[in-house]
Amino acid sequence: MADYAPVDLTAEGQVEFELNGRKVTAPAGTMLVDAAFAHGVEVPIFCYEPRLGPPVGACRMCLVEVEGMRGLQTACSTPVQPDMVVRTTSELAKDGQDGVLEFLLENHPLDCPVCDKGGECPLQDRTFRFGPGKTRFVEPKRHFPKPLDLSSLIAIDRERCIQCWRCVRFSQDVAEDKLLVMEDRGAGSVVATLTGDQYVGRFTGNVIDLCPVGALTSIPYRFRARPWDIRNTPSVCGHCPCGCNVELTEREGAVQRVTGRPDPNYAVEEGWLSDLCRFAYAGNDGPDRLRAPAIRDEGRVKEAQLDEAVDAAALVLGRGGKVGILVGPRATVEEGFLAQELARAALPGALVQRLGIPGAGLEAIRSQPAAQLGDIDGADLVVVVGGDPGEQQGIVELRVRKARRRGATVVTVGPRPHGLEGLGTAVRSEPGRLAAALEALELPAAERMIVLWDEADLAAEPDAAGALARLAGERGARQIELGLDVNGAGLRALGMGATEVLDAARRGEIDTLLTIHADPLDGPGGPEWGWALGRVRARVAIASFASTLTESSTVTIPASTHYETEGVYVSMNGRAQRLRPVTAGPEASAPGWEILIALMHRLGAPPPYRTAAATFAAAAAARPALAGLDYDALGVLGAPVAGVAPVSPNGVNGPREPAGTGLPLVTTTRMFGGADAYRAEALAWVRTGAELVLNPAEGARLGLADGARARLRSPFGECALPVRLDPAHPAGAAFATTGVPEAGVERLLPADRGPVRVEIEVVG
Amino acid sequence: MTVEEIRAHIDPIRHEFAEARSLILPALKFAQTEKGHLTREDLEAVGEATGFSAAYVESVASFYDRLYLRPTGERVVSVCVTLSCMLRGADELLEHVCEREGLPHDGGTSEDGRITVQEVQCLGYCDRAPCVQVDAEETRGPLSLDDADALLEELRSSPRPERLWR
């Protein structure tokens, strides 16, 4: 993890001091450990972690000698002063560091061949580099029953703990879930939860990364591998649109672990990951993974080789008739661009569409100056409009909490209650009346205002998008889009619209449909798509996981997941970042872009490039929104995409007046409720089912008690859900959870996720 | 103890504390008066009354020897095991007392519910080591093993006094 805070040695207000005999400078107020590290001097630390807030000086590992001060000082909590004389390697300082390590190791079991942190353990490393080399302790070490489960994801070996407080500080001060504490005192101190309850939260896995010894370990990864027999690759998470930077661990061809990067991306996730991002990898090899190409011929399904399937797909697509191409939100920029090239060069007249929210009416707000997630920290006013960021764009929650801790005012406006409401002023809007709420919004004066706005909520209310754009413009605010789709912004940047194929299919004009990581039948508007696809003659699916669509496609070609392919994702707020494959995936699968290039060759229109990098270069040259981006220069941290924001072509949203009768439906996705969480066995214990949440008054009116089962019916479809009555939810609306595979709340929604009303009745 | 009762107790003294978390201790002490120990519900109620998580409240409660997270016997004997007392035989004293009461080596409550023995960190009575504290009120030392026997006899035969937490 990030041990030392970055120090700007060129900033104003430098003070000069002496470090191990050298005259050096650092900005006033910089902690000695950071200033020393910036000048190439490493002071060993355990408890210090700049991202956890002010230092606590708990471990005493960073003892240094400061001339004129009695005794040794903790460098983590001593700011640099003009003319300070510091010695980090003097005999006195060395003696202090030796002593601390000898003391820490008095009870630490040194079970490195057993401990998962062996080889990745700062205690081990620092003992070798800074330790005394021998110990005077000969007494037997402490033994506890081990390990205890702090949760179903995290185990604690208590004797390894050096009580640095990092995990407790993360829980108390960063995630603010307030669940982890240090219990008892003295030799009996242990990290614990309230009377042994499970440590349940959305960001709990970060304490594993933070632990400088092997006291906290990941249960899914425990004993799976050793640091010397794994391969780590920096990549980007593909489970939500935040674009968090991750490190993927591979062993024996499978993803074994996902962790934060040692050098975090401060513009995005700052090294913290949500538990979905960290633990959902287990679903990559789940039972619904497509492992073999299939060709369906007159009702019979034949397993095929990859080449055969591509040949068959080319045959199906090239036999004439109009082709529709549907690109799903998980497709990379390269896959989207190749789909467009396929339509342009090989299948003239083919329609290409992305699966997602059309977003007409969002241009005004999208064209306001954009901010990166890291900019939220420095804001003094954060306005969250719509959505449920803690559940849908997890890492945003930590950023907003951090801003609030630094003194920012937080204002939330929207129809549904959510976790960020408690951080400041909450303005509850009626469903469909967001614009009125925004017009009436009274905000305090602020120099640095940032607006976070939910793509789906504002797309459903374009007048609210306009009102918000005016507000942001007047106040000089920067904006961050809370998108829903992993690479929705990347596909928009290609100029890809979101309505053509469905409209054409409805009219019976599509003869053959090619889907690329697209799953329209199981998503919003499933019934609409089902009806439209009933008129399509043949379907070719390039997909990673089995779905209703792949089960009936003419040709199915297994594609790599984001763990297995090269390419670029553009995060919801417009940051282009590179995916790097850590495994090859199933033998008979291939990256989507490779399959598309092969298809273009088969169809007689080979593109003049054959790598992901060259494809991206072609896309950047052809699409103004991507202009200036260079694949290699994206490096490991990515770069903001300047022109992605305003582009939402061909967007004609559904009717603005809600369709149907009854209560307006307000939907949200839970972090552990979507298909990714369902695929990962490790997350089974925190999975949340879908539910219908009603205000108790509304429940009474409809004759629905807590725990009853209700049927919801909209003009598009119907589903049945268990009912929960909750006074925190306002009357006058129905709140339901989307994303849960078996619940099918998506069936209630139109394909463009526009506003809808539902009739509710008791089941049975 | 209910949240309202705890609030009624701490609201009048709230102004005496510069930091809200300092209210946790008087709130816990008050909550303990009801049963002589703190239940999970008490921890949650104190958390709600003071604005801290129940887990944080438990971490405070578990730090202090005079707050009990389990039911105690009628009389509580706290044996100091910190350095001065340890060097003067605290381990033997603790073992002796536990053995006499039929308890595991680190303490517990006797079967008849009369005596609870616990080991505690420093009682600040180093000049009279080894020492014990009775009912969180009276500290005695130095104690020989015979003195400890006599003390236990005395506690068993004397009625339970009005305690700080009752």
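All of these numbers come straight from a predicted model, not from anything done at the bench. Here the residue numbering is sequential within each chain, running from 1 through the sequence in written order. Written order determines the labels here, with chains lettered from A and ligands numbered from 1. Selection of residues for local features in this predicted model requires a pLDDT of at least 70, selection of side-chain atom pairs for listing and counting requires 80 or more, and totals for whole chains, interfaces and linings are taken over all residues. As a rule here, side-chain values cover all heavy atoms of the structure and leave hydrogens and water aside.

(A) Local environment of the overall build of chain A. For the purposes of this entry, the term helix denotes a DSSP run of H or I that reaches at least four residues, the term strand denotes a run of E that reaches at least two, and both are numbered from the N terminus. Tallying secondary structure elements over chain A gives 21 helices and 34 strands in all. C-alpha atoms define the radius of gyration, and 2.2 Å times the number of residues to the power 0.38 defines the globule rule. The globule rule puts the C-alpha radius of gyration for 764 residues at 27 Å, and the 28 Å found for chain A is close to it. Dimensions of chain A, computed from the C-alpha atoms along their principal axes, are close to 85 × 60 × 55 Å. Buried residues in chain A amount to 61% of all 764 residues. As displayed, chain A has an accessible area near 28200 Å², and 52% of this comes from carbon and sulfur atoms. Here chain A holds 78 positive side-chain charges and 97 negative ones, and the gap between their average locations is 1 Å. Each residue's exposure class comes from its accessible area (1.4 Å probe, protein chains only) as a fraction of the maximum for that residue type: buried when under 20%, exposed when over 50%, partly exposed otherwise. Here the open area of atoms and residues is found with the Shrake-Rupley method and a 1.4 Å probe, where only the protein chains shown may cover a residue. Neither His nor the chain ends contribute to the count of charged residues, in which Lys and Arg are positive and Asp and Glu negative. Every charge is mapped onto a representative atom, which is NZ of Lys, CZ of Arg, CG of Asp or CD of Glu.

(B) Region of interest: helix α4 (residues 54-61) of chain B. In terms of burial, α4(B) is a largely internal element, eight of the eight residues being buried. Burial in α4(B) covers these residues: B:Ala54, B:Ala55, B:Tyr56, B:Val57, B:Glu58, B:Ser59, B:Val60 and B:Ala61. Whether two residues are in contact is decided by their heavy atoms: any pair within 4.5 Å suffices. Buried residues along α4(B) sit against α4 (166-174) and β8 (181-183) of chain A together with α2 (24-32) and α3 (40-50) of chain B.

(C) Representation of the interface of chain A and chain B in the model. Taken residue by residue, the interface counts 12 residues in chain A and 13 residues in chain B. Two parts placed together each lose some accessible area under a 1.4 Å probe, and the buried area is that loss summed for both. Summing the contributions of chain A and of chain B, the shared interface buries around 1100 Å²; its carbon and sulfur component is 54%. Every case where a carboxyl oxygen of Asp or Glu lies within 4 Å of a side-chain nitrogen of Lys or Arg is listed as a salt bridge. Here chain A is connected to chain B by two salt bridges. In this structure, B:Arg40 and A:Asp197 form a salt bridge, with 2.5 Å as the shortest nitrogen-oxygen distance. Polar contact is the term for a pair of N or O atoms within 3.5 Å; when the atoms are in protein, one must be able to donate a hydrogen and the other to accept it, and sequence-neighboring residues count only if both atoms are side-chain atoms. Our count for the contact surface shared by chain A and chain B stands at seven residue pairs in polar contact (both at pLDDT 80 or more). Among the elements that make up the side of chain A that touches chain B, the one with the highest residue count is β8(A) (three residues). Gly falls in the polar group here, along with every residue not listed as nonpolar (Ala, Val, Leu, Ile, Met, Phe, Trp, Tyr, Cys, Pro) or charged (Asp, Glu, Lys, Arg). A per-class count over the side of chain A that touches chain B returns four nonpolar, three polar and five charged.

(D) Layout of the sheet that holds strand β7 (residues 154-156) of chain A. Residues and elements named next belong to chain A. By this definition, two strands are paired if DSSP reports at least two bridges between them. Strands sit in the order β6-β7-β10 across an open sheet of three strands; the sheet is antiparallel. Looking at strand neighbours, the two that pair on one side only are β6 (148-149) and β10 (216-218), the edges of this open sheet. Where β7 lies against β10, three bridges are found, and the strand directions are antiparallel. Following the sheet pairing, isoleucine 154 is matched in β10 by serine 218.

(E) Representation of the pattern of salt bridges in the model. Residues and elements named next belong to chain A. Applying the stated rule across the entire model yields 75 salt bridges over all chains. Where arginine 257 meets glutamate 120, a salt bridge forms, and the shortest distance between an N and an O atom there is 2.9 Å. One end of the pair, arginine 257, is in strand β13 (residues 254-260); the other, glutamate 120, is in the loop between α2 (91-107) and α3 (122-130), with 137 residues separating them in the sequence. Looking at arginine 257, the relative accessible area reads 11%, which means it is buried.

(F) Spotlight on the nonpolar core. All names here are of chain A. Among buried residues, the Ala, Val, Leu, Ile, Met, Phe, Trp, Tyr and Cys ones that are joined through side-chain atoms within 4.5 Å form a nonpolar core. Phe170, Leu452 and Leu683 are the most contacted members of the largest nonpolar core, which totals 82 residues. At five residues, the largest contribution of residues to this core is made by helix α11 (residues 395-405). Look past the residues within four positions of leucine 452 in its chain and what remains in contact with it is Ile376, Val382, Val383, Val384, Val385, Val396, Val400, Ile480 and Leu482.

(G) Spotlight on α11(A). Residues and elements named next belong to chain A. Counting buried positions along α11 yields nine of 11 residues, so the element is predominantly enclosed. For α11, every residue scored as buried is listed here: Ile395, Val396, Glu397, Leu398, Arg399, Val400, Arg401, Lys402 and Ala403. On its buried side, α11 packs onto α4, β18 (381-385), α10 (389-392), β19 (409-414), β21 (449-454) and β22 (478-482). Remark: glycine 407 follows α11 within two positions and exhibits a positive phi of approximately 110°.

(H) Spatial organisation of the environment of A:Arg158. Residue and element names in this part refer to chain A. Tracing the chain through its elements places arginine 158 in the loop between β7 and α4. For arginine 158, a relative accessible area of 18% puts it in the buried group. Along the chain, arginine 158 and leucine 338 lie 180 residues apart, while their C-alpha atoms are 53 Å from each other. Setting aside residues no more than four positions away along its own chain, arginine 158 makes contact with Phe144, Pro145, Leu148 and Val190.

(I) Here's a closer look at the packing of aromatic side chains. Only Phe, Tyr and Trp rings are paired, with Trp represented by its six-membered ring, and only when their centres lie within 6.5 Å; those with planes under 30 degrees apart are stacked, over 60 edge-to-face, the remainder tilted. If you walk through the whole model with that rule in mind, you get five aromatic pairs over all chains. Residues A:Phe170 and A:Trp272 carry aromatic rings whose centres are separated by 4.9 Å and whose planes lie at 55° to one another, so their mutual orientation is tilted. Of this pair, A:Phe170 sits in helix α4 while A:Trp272 sits in the loop between β13 and α6 (275-279), placing them 102 residues apart in sequence. Classification of A:Phe170 by relative accessible area gives buried; the value is 0%. Between B:Phe63 and B:Tyr64, the aromatic rings sit 5.1 Å apart at their centres with planes inclined by 75°, giving edge-to-face as the arrangement. The ring of A:Phe545 has A:Arg289 sitting right over it, with the charged end atom 5.7 Å from the ring centre. To sit over a ring, a charge needs its Lys NZ or Arg CZ within 6 Å of the ring centre and within 35 degrees of the ring normal.

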